[in-house]
Amino acid sequence: MAVTETDIRKIADLARLSLADEEVPAMTAQLNSILAHMDVLTRVDTASVAEAGADAITSAIAVARDVKSGGAPLRGDAVAPFPMDATAPMLAPDSEDGFILVPRLSTHEDM
Amino acid sequence: MRNIIDMTNDAAARAADPRFGRDGLNIVVATNQESSLANAERVAIAYGRGDPMSLPGMAIAVKDNIATLDMPTTCGSRILSGYVSPYEATAITRLRAQGAVVVAKTNMDEFAMGSSTETSAYGPTHNPVDPARSPGGSSGGSAAAVAAGITEIALGSETGGSVRQPAAFCGVVGVKPTYGRISRFGLVAFGSSLDQIGVFARSVRNAAIATYAMAGGDLNDSTCADVPVPTIPEPVEAYRGRTLDGVTIGIPAEYFPPSLDADVRARCDVAIEVLRGLGARIVDVSLPHTELAIPVYYIIAPAEASSNLARFDGVRYGPRAADVMDLREMYQATRSRGFGTEVKRRILIGTYVLSHGYYDAYYKKAQSVRALITRDFDAVFGSGVDALFTPTTPTPAFKIGAVTDPYEMYMSDIFTVTANLAGIPAISLPIGRVGGLPIGGQIMTRHFDEPRMFHVAAALEAALGGEAHA
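Computed from a prediction, not measured in an experiment: that's the story for all the values here.

K.L.:
Teacher, can you tell me more about the interface of chain A and chain B here?
P.N.:
How big an interface is tends to be stated in terms of accessible area lost as the parts join. Counting from both sides, the interface comprises 48 residues of chain A and, opposite them, 56 residues of chain B. Those elements giving two or more residues to the side of chain A that touches chain B turn out to be helix 1 (5–14), helix 2 (24–38), helix 3 (54–69) and helix 4 (88–91) of chain A. Sort the elements by how many residues they give to the side of chain A that touches chain B and helix 3 of chain A lands first, with eleven residues. Taken together, the residues of the side of chain A that touches chain B sort by class into 32 nonpolar, ten polar and six charged.

Pasting the structure below:
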């Protein structure tokens, strides 16, 4: 499954990354080299894994969750303050009346 | 009481020493002496009135991806330059409650993506043992902080071996607890099904004390298990003699391939004989899917990272690119300028393996093979084996700049990623030196069996004595 330069440009766009034209050939070669090592997995018989993926998740995450209670620990359905040492104006460059101000972009429509 | 403040003063001065800063070994990326001393004064008062503490006045260094209130948390990335978290990691809160004082943030591979601390936006950290060599990574700064004597204890994080591998390279103890043992709240997410906060220390005992100080359920992290926290182990002296009588230790053949560095193998052979001499029953075992761990890891971890790092977009986090026309261009410009090459490469791999048409072939398949790797461990531990002993890394520390092929770098994690994929606890401890370079030995146990892991490690540490560093 060789990755082409067109694929790399498309993936970069999906990932919201822009690659310079001169970066594309090297990145394509590196990804192909890395992915070639992954092909060994296609030859592994995973039929015994009942529901693909679920078993693996069970092993790592759910072992931690289920070790005692048989379910993920859930907190009570009550509003509690988030432990923050900051107020809204400290979290953004600009704010007004407790709201965060964002820069105007050309795609914003006039109200 | 005076002593706690003096200890903090001394550690804060070491952390601020230019030899460890950007123009030196490049271990420390941030300090806040004023805040450290204020915290020390609070600890001194609480300790003076008799509050129980397991780490009174213990100075600690913290990897730069763990949220602290009084120092920036930048993950070694330009995209988080100057970022100060509005909340603190649960692990830090708990350590501070036990009397620990944070004196430094340490260098790391950008977003923990690397095995050499060379991908940091701050530049590479140098190994205190030999400054021409890498301290390993991604928590290279924290490993080096303990090795250089800046602090006795440091925090790192693990996704595929980022504590154990640098611990081995720098000649210190490194712990990756069971997945779910320590809250990930406040640890900047990389691969959420793999990430755990870990500990560096000069001794197994101190590593255990710090691990247990942070452990226990946390309602701010639903993957953190509410299981009882073990008590602090006895002093090391208690592990002398035939203290491993009745303990069965497995030696997995797959971790001793013909390609293993001869010096690493020789040191491991000595350690195995020491374990036998302590009374342990040594058995050969097999973990047949081990060779698949790197391909599996380098699908699952980038897949999770590509999702986790979507938040660094110039809106929620990061210095926003200004010279743009629309929102999409702003995202792309911000992320392309903010992320380094290795992070971009992993985001691209992750996006690719999750994309339509490739999801089944890569991501789903990798999750299935991950299950087989986990079953290997279940089978071995189910057969009566209490612990596994292996080398931590295939080679001692390599020179900075020596490994240029990304996949070759990934292979330095071959003996450590399996514990992350299976979620089991593992520790690396020094088992000797070759040509002056430290070699690490690894002990792995069942989920939540940190007590057994620390028991075997402390016994081996005590029996090796000065040999561990010779």
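K.L.:
Mind showing me how you'd approach the packing of helix 8 (residues 293–308) of chain B against helix 11 (residues 359–382) of chain B here?
P.N.:
In a pair of packed helices, the angle between the axes and the distance between the axes together describe the arrangement. All names here are of chain B. Put simply, helix 8 and helix 11 touch, their axes get as near as 9 Å, and they point 125° apart. Judged on the interaxial angle alone, helix 11 and helix 8 are oblique. Along this stretch, helix 8 crosses helix 11, giving a crossing that reads as left-handed. On the side of helix 8, the interface is formed by Ala293, Val296, Ile299, Ile300 and Ala303, while helix 11 contributes Tyr362, Tyr363, Ala366, Gln367, Val369, Arg370 and Ile373. Classifying every residue of the contact of helix 8 with helix 11 by side-chain character gives ten nonpolar, one polar and one charged.

K.L.:
Would you explain the packing of helix 1 of chain A against helix 2 of chain A in this entry?
P.N.:
All names here are of chain A. Close contact between helix 1 and helix 2 brings their axes to 9 Å; oriented N to C, the two are set at 95°. With respect to their mutual orientation, helix 1 and helix 2 come out roughly perpendicular. Where helix 1 approaches helix 2, its residues Glu5, Ile8 and Arg9 are matched on the opposing element by Val24, Pro25, Met27, Thr28 and Leu31. The class makeup of the residues in the contact of helix 1 with helix 2 is five nonpolar, one polar and two charged.

K.L.:
Mind showing me how you'd approach helix 3 (residues 90–97) of chain B here?
P.N.:
Count 3.6 residues to each turn of an α-helix, and residues three or four apart come out pointing the same way. Residues and elements named next belong to chain B. Turning to helix 3, its buried residues are Thr90, Ala91, Ile92 and Leu95. Among the structural elements, strand 2 (59–63), strand 3 (101–106), strand 4 (153–158), strand 6 (196–201) and helix 6 (204–214) are those in contact with the buried residues of helix 3. Phi turns positive, to about 100°, at Gly99, one or two residues after helix 3.

K.L.:
What's the story with the sheet that holds strand 1 (residues 28–30) of chain B in this structure? I'm lost.
P.N.:
Where strands meet in a sheet, backbone hydrogen bonds hold them as pairs that are either parallel or antiparallel. Residue and element names in this part refer to chain B. Here we have eleven strands laid out as an open sheet, ordered 1-3-2-4-6-5-10-11-9-7-8, and mixed in their pairing. Whereas interior strands pair on both sides, the edge strands pair on one side only; in this sheet they are strand 1 and strand 8 (281–285). Across this sheet, the average inter-strand angle for adjacent strands is 30°, counted without regard to direction. Pairing analysis gives five bridges linking strand 7 (residues 248–252) to strand 8, with the strands arranged parallel. Each bridged residue has a counterpart across the sheet, and for Pro252 the counterpart in strand 8 is Val285. Lying over the sheet, helix 7 (residues 262–277) contacts strand 7, strand 8, strand 9 (387–391), strand 10 (426–434) and strand 11 (437–444), oriented at roughly 115° with respect to strand 10.

Thresholds applied
Residues numbered from 1 in each chain as written. Chains lettered and ligands numbered in written order. Predicted model: local features only at pLDDT ≥ 70, side-chain atom pairs only at ≥ 80, totals over all residues. Contact = placed C-beta atoms within 7 Å. Helix = DSSP H or I, 4+ residues; strand = E, 2+ residues; numbered from the N terminus. Nonpolar A, V, L, I, M, F, W, Y, C, P; charged D, E, K, R; others polar. Axes fitted to C-alpha atoms, helices over the stretch in contact; angles between N-to-C directions. Parallel < 35°, antiparallel > 145°, perpendicular 65-115°, else oblique. Left-handed = near helix turned anticlockwise from the far one by under 90°. Buried ≥ 20, exposed ≤ 12 C-beta atoms within 10 Å, placed from the backbone. Pairing = 2+ DSSP bridges.

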